[in-house]
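Architecture at a glance
Residues per chain are reported as follows:
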Amino acid sequence: CSFLAGTMLLEIILVLGALIIYFFLSKKKEETLPFKEGWWGKGQKPDTEEDTTIWPFKVETTEEELSDLFRRLDQARFTEPLEDSCFHYGTNSVYLRKVISYWKNQFNWKKQVEVLNKYPQFKTKIQGIDIHFVHAKPPRLPEGRSAKPLLMVHGWPGSFYEFYKIIPLLTDPASHGLSDEHIFEVICPSIPGYGFSEAPHKKGFNSVSAASVFYELMLRLGFNDFYAQGGDWGWLICTNLAQIAPTHVRGLHLNLVSVTNLGFIQLLSILLGRYLPGLFHFQDEDVRRMFPFLEKGLYRILLESGYAHIQATKPDTVGCGLNDSPVGLAAYILEKFSTWTDLEFRNLDNGGLERKFNLDDLLTNIMIYWVSGCIVPSMRFYKENLHKGIGTQKHERLTVQVPTGIASFPNEVMHTPQAWAQKKYTNIVSFHFMPRGGHFAALEEPELLAEDILQFVGKVEKEQLWRKK
Amino acid sequence: ETFLSRIRSFEYSQRNAVLVPVATLGVGGMLVYWLRSRHKIKTIEMGDGWWGSGERPLKGKEDESIRPFRIETSDKEIEDLHYRLERARYTPPLEEAAFHYGFNSSYLQKVVAYWRNQFDWRKQVEVLNKYPHFQTTIEGINIHFIHVKPSYVPHGKAVQPLLMVHGWPGSFYEFYKIIPLLTEPARHGLNEGDIVFEVICPSIPGYGFSEAPHKQGFDSIATARIFHKLMNRLGFKEYYLQGGDWGSHITSIMAQMLPQSVKGLHLNLIFVGKQGLGRMISVVLGAYVPWLVGLTREDARRTYPFIQKNVYDLLRESGYLHIQATKPDTAGCGLNDSPVGLAAYILEKFSTWTDKSFLNKDNGGLESKYSLDELLTNVMIYWVTSSIVSSVRFYKENITSDPDLSALSRVGVYVPTGIAAFPQEIVHTPRVWAKQIFKNIITYSYMPRGGHFAAFEEPKLLAQDIVHFVRKVEQL
């Protein structure tokens, strides 16, 4: 009898021991994400060496392009909204008509093209496709100072243009009332398939592919050491970049964080976090933003993720009409600029759009999608990243050791508390609750975002945190 | 002993003279109530509604006239369409994508070339007008329908009224091939003509030539009520119903709303709402011992592998449903402005929902089952009526008020029901699961071939099953 008990005890100890060792090992395991080779050009990859030249690029327009656009705007067919529906059924077509009227009569695309061209733009061929990027250097550098390279990556339905207000705050902080302890040269590429970057011709171009392409870009520009900043898809691409090349990314700054490999503790925190916030390391602000969870978490995601579902499964179908109808394209994109800036805007007849943005900026962003005809490839990115489901890709289970700074904006569609972010980002140097602002932080609150980036970089540089990896 | 003596000593007194009858009545009453409630069929409240624009007029009765209607077109309409088709902007598909990313734009260009150069809308309008069309105002909006009567009725035989309801992205036009098989079966080689129908196919409000509701909240219950009012206005007290897609949902609700008016309900798609623990157990066991949980071999073949067919496939195919149920005005905006976008969006469903393997084909297998003329005629109905946005709002109105479409399952359907289970339907519902809602299944047929658009794709098979079902009901 005691022999049996002894064996059982031994078995239990062995199993426990194995579990403990397993957990220890799995925590210490620091896998890197491998660089993803690829070739995305048309047809067969040629045997010749890739052309690595970088050539200057300017956005151009033609009369033909403008008159075609105006004809389509004139012929637009609208459907009356239901009575009292505001923005609850999507973009309100009565307000949309006003936007179209402005687009036709007041918006000046030629002038906006000049605005776009105020920062130097370039193209270069990487992995078989032309990559477009903005490279803005500081207008003046004090004696003996150097500019730090900063890669900023946009998302959907945004573009490199989202950064046009924040770029001067980073390349020339002193002129904008900010501390000039750190000055940046900013590189804003267009994700392949967006704007003026060529779209991949082959299947499989996901965030890791984009991160690999941008990594090659930074190396080609001569940067061995740089900072990366992003929101929306930019968040994921920069995260992947930090996982591919941790020794090259000094710091990672994000205005969106999404953690997909939630474990048991996180699920428990959803149930109990409201009542025992301290137990789960939730701050008051976390609780305020996250609970009641059904309403602010689950229902909100279901209500707002229809676009992601259809884009992740049938991008060519949903994008087809949008590439042919500028009004349809505008409705589709503007809805996001409204709802993702403030969910309360759904209760307004005009979607609150002009409270935070001006129509010129909004339409310039839309025009980038229109003139480049990139709406379909931009949507394919969802399928390439999500088609197997959320939380299923290898890189989603890997952690990030690079020093990370997170700016958490209050009107982001879903809030991720630091307690959850830490599961993936093991080296969070700064995490701030921003006082206002939504998803399109760089365009809506450039000063707030710039300040947060500056303080983050300040911390990393002061303590030389990039060395301690 | 004491009990018997008690009874014997039961005195006849005034008090007892009152108490005893009262007690008997009370107990008897409760008994009767209990017996009746066991058989009382729950129904869905009919309710009422008004969907016109602005305020509902207080005075005056609604105009109940039934007005003949003809579809018309104009040079202007056709030229505008051609202009847009000529200037369509396409995006080349990814290499080897076939239909996996949605409608393949290389094939789309071929369809549009046909649409621009060979498709004859004026001729199709004449085809559409071959059956009599009507409009009538119900609850403040114009309801369009076709009403086809048999030209020859066998002596002494009754003509069965049959209401057939379409779905999305279909229209009344889906029934054009099956109607003659139901109104003149003998001429088409079906049965000896003992069952003959007069067919009424309305357009759901917001679809085709029915006016779109101007107010929020127009769901299947409102549609069901309006269609009952329509049949009533046409003079029918009892009728058969047939439907697939939204038509199935609407006709099932009609059967729950006014069972005494519904002689029989025939469906080619079943909505099975909430699934509880019992269902999950049945699913798991069914993979190994289907017979134990009431699944036939054919059920098992169509249902398993379960996760693949019922979770992954469904998730892959329900993006449209998700966006239409949340942001219909956004989703439909571009489609109402770009005929090419509209065609891609609608025809993708005619491809994938007819046969899932069509995803692997560069041309989506469309022309193997349908002609471009009939596919484009259906698309044109959405285009010329500008009804795509109102049609997709139906998803939001239904899903917001009833997220898992479970109202059906709470009330149950008791009218005689016939189910035609087509093999390529998006999701298969075995009879044993259907029984949880449909308590009175008279026929359940495994169809040999065909997908979601049964009436359009396999009219003869569907007609035969409808007749087979109605024959059985009439014999009851």
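Just so it is clear, the model here is predicted, and its values are computed rather than measured.

**Looking at the overall build of chain B**
Within chain B, the regular secondary structure consists of 20 helices and nine strands. Principal axes of the C-alpha set define a box for chain B whose edges measure 105 × 65 × 50 Å. Considering only contacts within chain B whose residues lie at least 6 apart along the sequence, 79% involve residues at least 24 apart. When the accessible surface of chain B is summed, it comes to about 21100 Å², and 56% of that surface belongs to carbon and sulfur atoms. With 53 positive and 48 negative side-chain charges, chain B shows a separation of 7 Å between the mean positions of the two kinds.

**Quick look at the overall build of chain A**
Broken down by element type, chain A carries 19 helices and nine strands. Taken against the 2.2 N^0.38 rule, which gives 23 Å for 469 residues, the C-alpha radius of gyration of chain A at 24 Å falls within 12% of a compact globule. A total of 469 residues make up chain A; the buried ones form 59% of that total. Put simply, of all contacts in chain A between residues at least 6 apart along the chain, 79% involve residues at least 24 apart.

**What to know about the interface of chain A and chain B**
Each partner contributes residues to the interface: chain A has 58 residues there, and chain B has 58 residues. Between chain A and chain B the total buried area reaches about 5000 Å² when both faces are included, carbon and sulfur atoms providing 48% of it. Interface area lost by chain A to chain B is led by R77, Y89 and K314 of chain A, which between them contribute 18%. Linking E83 of chain A and K215 of chain B is a salt bridge whose minimum nitrogen-to-oxygen distance equals 2.8 Å. Here chain A is connected to chain B by 39 residue pairs in polar contact (both at pLDDT 80 or more). Within the residue set of the side of chain A that touches chain B, elements represented by two or more residues are helix 2 (63-74), helix 10 (293-304), helix 11 (306-311), helix 12 (315-322), helix 13 (326-339) and helix 16 (375-386) of chain A. When residues in the side of chain A that touches chain B are grouped by element, the largest group, six residues, is from helix 13 of chain A. When grouped by side-chain class, the residues that make up the side of chain A that touches chain B number 19 nonpolar, 21 polar and 18 charged.

**Re the UniProt feature "domain: Epoxide hydrolase N-terminal" (unreviewed entry) in chain A**
Summarizing the sequence annotation, UniProt attributes the feature "domain: Epoxide hydrolase N-terminal" (unreviewed entry) to residues 56-163 of chain A in the numbering used throughout. Spanning residues 56-163 of chain A, this segment combines 31% helix with 20% strand, and its end C-alpha atoms are found 19 Å apart.

**Focus on the side chain of E457 of chain B**
Residues and elements named next belong to chain B. Tracing the backbone through its elements, the reader meets E457 in helix 19 (residues 454-457). Since its relative accessible area comes to 9%, E457 is described here as buried. Ignoring sequence-local partners within four residues, the contact set of E457 consists of T354, K369, Y370, G450 and G451.

**Considerations on unusual backbone geometry**
For the bond from W156 of chain A to P157 of chain A, the omega torsion is -5°, close enough to zero to count as cis. Inspection of the secondary structure assignment puts P157 of chain A in the loop between strand 4 (148-153) and helix 5 (167-171). Following F291 of chain A, the chain continues into P292 of chain A via a peptide bond in cis, with omega recorded as 0°. Phi at S386 of chain B is positive, roughly 50°, even though this residue is not glycine.

**Some points on the pairing of strand 7 (residues 249-254) of chain A**
All names here are of chain A. Summarising burial for strand 7: six of the six residues are buried, a large majority. Relative to strand 7, strand 6 (residues 226-230) runs parallel, the two sharing five bridges. Paired with F226 across the strands is V249, a residue of strand 7. Chirality of the crossover, the property in question, places the unit of strand 6, helix 7 (residues 233-244) and strand 7 among those that are right-handed. In this structure, strand 7 lies alongside strand 8 (residues 404-408), joined through three bridges in parallel fashion. The residue of strand 8 that forms the bridge with L254 is I406.

Cut-offs applied
Residues numbered from 1 in each chain as written. Chains lettered and ligands numbered in written order. Predicted model: local features only at pLDDT ≥ 70, side-chain atom pairs only at ≥ 80, totals over all residues. Heavy atoms only, no water. Helix = DSSP H or I, 4+ residues; strand = E, 2+ residues; numbered from the N terminus. Contact = heavy atoms within 4.5 Å. Areas by Shrake-Rupley, 256 points an atom, 1.4 Å probe, with all protein chains shown as cover. Lys, Arg positive; Asp, Glu negative; His and termini not counted. Charge placed at Lys NZ, Arg CZ, Asp CG, Glu CD. Rg over C-alpha atoms; globule rule 2.2 N^0.38 Å. Buried < 20%, exposed > 50% of the residue type's maximum accessible area, 1.4 Å probe, protein only. Buried area = accessible area lost by both parts, 1.4 Å probe. Salt bridge = Lys/Arg side-chain N within 4 Å of Asp/Glu carboxyl O. Polar contact = N/O pair within 3.5 Å; in protein donor to acceptor, adjacent residues only side chain to side chain. Nonpolar A, V, L, I, M, F, W, Y, C, P; charged D, E, K, R; others polar. UniProt positions renumbered as here; feature names shortened; annotations may be inferred. Pairing = 2+ DSSP bridges. Right-handed = clockwise from strand over helix to strand, strands pointing away.

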